[in-house]
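Here is how the chains run, residue by residue.
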Amino acid sequence: MPRSETNFPISTSIRRVLGVIFILFLALLLFLPRQSQEWLSHVGGPFARILEVPLHVVASIQDSIRHAWDHYIALQNVWEENQQLKQEVQRLQGEQNFLREHAIIAMQFQQLLAYQETTPMTTLPARIIGRNVSNWYRAIIINKGNQDGIHPEMGVITDAGVVGRVVRVNPTTAVVLLLSDPNVAITGMIQKSRDEGLVQGTPQGTIHMKYLPPLSPVQAGDPVVTSGLTDDFPRGLQIGRIQQVTKADTDLFQLGEIDPIVEFSKLEAVLVITSFQPDPPSSLPKPPVSPSP
Amino acid sequence: MTIFLDILLCFGVVLAQATFSTILSAKGIYPDLCFILACVMGFHSGEYKGLRIGLTVGLFQDLFSPGGIGLNMILKGLAGALAGVTTHTFSTVTSPAILLVSFALSLGCGLASLVVAYPVVDAPILFHALSSGLLPQGLYNSLLTLGTFWVIKCIGPSLSMVHLGRGPR
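Just so it is clear, the model here is predicted, and its values are computed rather than measured.

Rules behind the numbers
Residues numbered from 1 in each chain as written. Chains lettered and ligands numbered in written order. Predicted model: local features only at pLDDT ≥ 70, side-chain atom pairs only at ≥ 80, totals over all residues. Heavy atoms only, no water. Contact = heavy atoms within 4.5 Å. Buried area = accessible area lost by both parts, 1.4 Å probe. Salt bridge = Lys/Arg side-chain N within 4 Å of Asp/Glu carboxyl O. Polar contact = N/O pair within 3.5 Å; in protein donor to acceptor, adjacent residues only side chain to side chain. Helix = DSSP H or I, 4+ residues; strand = E, 2+ residues; numbered from the N terminus. pLDDT = per-residue confidence, 0-100. Pairing = 2+ DSSP bridges. Axes fitted to C-alpha atoms, helices over the stretch in contact; angles between N-to-C directions. Expected span 1.5 Å × (residues − 1). Buried < 20%, exposed > 50% of the residue type's maximum accessible area, 1.4 Å probe, protein only.

## A closer look at the interface of chain B and chain A
Tallying the contact residues gives 28 residues for chain B and 21 residues for chain A. Broken down residue by residue, the surface that chain B buries against chain A is led by Phe-64, Pro-66 and Tyr-118 of chain B, which jointly contribute 29%. Seen at the junction of chain B and chain A, the total is zero salt bridges. Linking chain B with chain A are four residue pairs in polar contact (both at pLDDT 80 or more), by the criterion used here. Looking at the side of chain B that touches chain A, the elements that each hand over two or more residues are helix 1 (2-19), helix 4 (47-63), helix 6 (95-117) and helix 7 (123-154) of chain B. For the side of chain B that touches chain A, the leading source of residues is helix 6 of chain B, giving five residues.

## What about the confidence of the model for chain A?
Residues and elements named next belong to chain A. In the predicted model, chain A carries a mean pLDDT of 81, and 85% of its residues have values of at least 70. The element-level mean pLDDT for chain A is lowest in helix 1 (residues 3-7), coming to 50, with strand 9 (residues 223-226) highest at 93. Contacts for the low-pLDDT stretch residues 1-5, under 50 throughout, to residues beyond four places or in other chains number three contacts.

## A short note on the sheet that holds strand 6 (residues 185-190) of chain A
Residues and elements named next belong to chain A. Taken in spatial order, the six strands close into a barrel running 6-7-8-11-10-9, and their pairing is antiparallel. Direction aside, the axes of adjacent strands within the sheet are offset by 40 degrees on average. With three bridges connecting them, strand 6 and strand 9 associate as antiparallel partners. Paired with Ile-190 across the two strands is Val-224, which belongs to strand 9.

## Some points on the pattern of salt bridges
All names here are of chain A. The final tally for this structure, using the stated rule, is ten salt bridges over all chains. A salt bridge links Arg-91 to Glu-88; the nearest nitrogen and oxygen atoms lie 3.0 Å apart. With a gap of three residues between them, Arg-91 and Glu-88 both fall in helix 3 (residues 34-118), about one helical turn apart. Linked by salt bridges that have partners in common, Glu-88, Arg-91 and Glu-95 make up one network.

## Brief notes about the pairing of strand 11 (residues 254-260) of chain A
Residue and element names in this part refer to chain A. Relative to strand 11, strand 8 (residues 207-212) is paired through four bridges, and the arrangement is antiparallel. Considered in strand 11, the bridge of His-208 is made with Glu-257. Here strand 10 (residues 238-246) runs beside strand 11; their pairing, made up of six bridges, is antiparallel. Residue pairing in the sheet places Thr-246 in a bridge with Leu-255 of strand 11.

## Observations regarding helix 1 of chain B
The terminal C-alpha atoms of helix 1 of chain B lie 26 Å apart, and with 18 residues this matches the ideal 26 Å at 1.5 Å per residue to within 8%. Along helix 1 of chain B, the positions that sit buried rather than exposed are Asp-6, Cys-10, Val-13, Val-14, Ala-16, Gln-17 and Ala-18 of chain B.

In structure tokens form, the structure reads like this:
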């Protein structure tokens, strides 16, 4: 039995005729009037609607996939950009901090150098590189040593006032004992009353002015300056202001507590006095001589 | 090589004491890192190592300290040696023992420094030094010594083979 007869119970000639009719029908469709085409479209409409559903579904799936992909890619880019921007912000913040720090240090040095230029003393600027290696002294370490001409007993100041005294010198560093340490004592003077005394640190970290004359009219708020009697500081450098004056009945002298003008905990740069010209007594103005009668 | 490493360690600790100790300060009380190093070495590796490290770190500390050279060297050397002796001879290395011994040693070192550092030590100064310096610092030092000791003991075997020598008996 031929194969076509087994699959289709239609003979080959009929199939050919049907094929020709179908082609003719298709050809005829092209030449049918518009109304007939619309009728055909009405007939095919339901089929189109049925077909639309999977088409929409596929299209929406495709859209959502594309949308998600675009967002993912975009988000990934945003995330990367965000990370880069964060790193940039951190870098710029660090740079800004670094520059600010350098600007502050430069300003401090500028102040010190301006003071150094105006003062008649010969001074050497130094940076503070360490503090309080031992717990029992109030000290700082500066970055200048005996290679730079620093020697023990030299005075250390800032543009504000007295800081302390050099006590140990290494080749490139020196140890400065602060004025608030009990081992430092310098001669001071009440600027108004010209009364002299000994300025010395205490174990508590405060600064006292000892041996003030009992009848001295010293008051709280009076400025205290160096008297220039010791070799390490010239006359007239600021030490601080009198905070309070005490005198017990049994004491021979008054005791003044000084509020130091220099904030020792915030020091970053100092000047070491390498030499200065002490005021010669002849440079003091002579009192006016009244004509003898 | 070990001596070189010892010197390097001591130098590093003195440097840390001069620069970073303010970070570790609690209410104005600074830990004495050199003392802690000497004690930890004494507890961990015995009296000879404690003495050696104590002397070295004390000498470096003296070089950057306003006081005369020798005080910190002797005190830290003694502290390191006594830490080794007391814990290895009279006691086992336990936390209370480390706390007690290092507190006592810190107090002793502080008192000796106080007598040398201050020109006059009268009763008010001594009371002030004890209340605001010696006792809190002793406690702080002993706590840090204990912490450092146990950290070293935990990360110990490899470290002790490289540098610290033998561990506690």
